[in-house]
Amino acid sequence: MKTLKEAKVGETFKVVKLNGEGAVKRRIMDMGITRGVEVHIRKVAPLGDPVEITVRGYELSLRKADAEMIEVENI
């Protein structure tokens with residue numbers, strides 16, 4: 001399964017699964033990233049961290065460590 005960390009700029013994905021446990025998983029869900037939601041990759045910083053995405057109509061920056069916990073599939 002592909003993770004959000006491996007995604008390319010301009011692609012749109014559907015979230016399949018959130019890995020991680022406890023507070024980390026809860027924080028990702030509180031940002032609006034839940035199973036079934038569409039995520040669009042807007043930008044990646046020059047050194048690859050953070051990744052800027054659009055989710056539920058707003059822009060969000062994620063660290064690579066957090067993006068690696070989000071499994072996605074192509075739409």
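Use the structure listed above.
Scope of this entry: the structure provided in the associated data block. (Residues numbered from 1 in each chain as written. Predicted model: local features only at pLDDT ≥ 70, side-chain atom pairs only at ≥ 80, totals over all residues. Heavy atoms only, no water.)

1. Concerning the sheet that holds strand β1 (residues 2-3)
Heads up, the rule is: Strands pair, by our definition, only if DSSP identifies at least two bridges between them. Strands here are runs of E lasting at least two residues and helices are runs of H or I lasting at least four, both read from the DSSP assignment and numbered beginning at the N terminus.
The strand order across the open sheet formed by six strands is β1-β6-β2-β3-β4-β5, and the pairing between neighbours is antiparallel. Strands with a single pairing partner mark the edges of an open sheet, and in this sheet they are β1 and β5 (58-62). Where strand β2 (residues 12-18) lies against strand β3 (residues 38-44), three bridges are found, and the strand directions are antiparallel. The residue of β3 that forms the bridge with T12 is H40.

2. Focus on the pattern of salt bridges
A side chain with one charge may pair with a side chain of the opposite charge, provided their charged atoms come close. Selection criterion: Put simply, a salt bridge is a Lys or Arg side-chain nitrogen that is within 4 Å of an Asp or Glu carboxyl oxygen. With a 1.4 Å probe rolled over the protein chains alone, any residue whose accessible area is under 20% of its type maximum counts as buried; one over 50% counts as exposed, and the rest are partly exposed.
Applying the stated rule across the entire model yields eight salt bridges. Its salt-bridge partner being K5, residue E68 comes within 3.9 Å of it at the nearest N-O pair. Here K5 lies in the loop between β1 and β2 and E68 lies in the loop between α2 (64-67) and β6 (70-74), a separation of 63 residues in the sequence. The class of E68 is partly exposed, set by a relative accessible area of 43%. Here K5 falls in the partly exposed class, since its relative accessible area comes to 39%. The residue E59 makes a salt bridge to R42 at a minimum N-O spacing of 2.8 Å. Here the residue E59 occupies a position in strand β5, and R42 occupies one in strand β3, the gap between them amounting to 17 residues. Exposure remark for R42: the relative accessible area of 33% places this residue in the partly exposed category. Beyond isolated ion pairs, a larger network of salt bridges with shared partners links R42, K43, E52 and E59.

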